[in-house]
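Per-entry structural report
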Amino acid sequence: MTVEKNLRVCEKGHKYYKSSECPSCPTCDKDKPKNGFLAKLSSPARSALLHEGIDTLKKLSTYTEKEILNIHGIGPASLPVMRTLLEEEGLSFKE
């Protein structure tokens, strides 16, 4: 069985083929940040947060864990990492 892949173009103009609805661009994923909290997350989780405009721990702290898990690309394995990063800055997920 052959899976049909669709041509996509990311915000930066990179062209790539994907069979899923995941908005993650393989070229952009290679541009992993060297520092900051996003550098400690997997590419799908990092891309998902950036897609939602969550680029700081302060912004992350305005969401509940359930809201974060509802974002495509973020799985339960990412939560402990995010929780630790928030705690290190004296922050936490919204109750």
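Residues numbered from 1 in each chain as written. Predicted model: local features only at pLDDT ≥ 70, side-chain atom pairs only at ≥ 80, totals over all residues. Heavy atoms only, no water.

Here we take up the pairing of strand β1 (residues 6–9). In the sheet, β1 pairs with strand β2 (residues 15–18) via four bridges, with the strands oriented antiparallel. By the bridge assignment, Val9 is partnered in β2 with Lys15. (Pairing = 2+ DSSP bridges. Helix = DSSP H or I, 4+ residues; strand = E, 2+ residues; numbered from the N terminus.)

Here we take up the pairing of β2. Each regular strand carries side chains that alternate between the two faces of the sheet. Side-chain alternation along β2 places Tyr16 and Lys18 on a buried face and Lys15 and Tyr17 on a face that remains uncovered. With antiparallel pairing between neighbouring strands as the criterion, β1 and β2 make up a hairpin whose turn holds five residues, including Gly13 at a positive phi of roughly 90°. (Buried < 20%, exposed > 50% of the residue type's maximum accessible area, 1.4 Å probe, protein only.)

Here we take up the pattern of salt bridges. Going through the model one piece at a time under the given rule, you end up with two salt bridges. For Asp55, the salt bridge is made with Lys59, and the minimal N-O distance between the two is 2.9 Å. Relative accessible area serves as the criterion here: at 40%, Asp55 is assigned to the partly exposed category. Relative accessible area serves as the criterion here: at 38%, Lys59 is assigned to the partly exposed category. With its nearest N and O atoms 2.9 Å apart, the salt bridge here joins Arg83 to Glu65. (Salt bridge = Lys/Arg side-chain N within 4 Å of Asp/Glu carboxyl O.)

Here we come to the nonpolar core. Of all hydrophobic cores here, the largest spans 17 residues; its most connected members are Phe37, Leu49, Leu60, Ile68, Ile74 and Met82. At the level of secondary structure, the elements contributing two or more residues to this core comprise α2 (43–51), α3 (57–60) and α5 (78–88). Dropping the residues within four chain positions of it, Ile74 is found in contact with Ala45, Ala48, Leu49, Ile68, Leu69 and Met82. (Core = buried A, V, L, I, M, F, W, Y, C linked by side-chain atoms within 4.5 Å. Contact = heavy atoms within 4.5 Å.)

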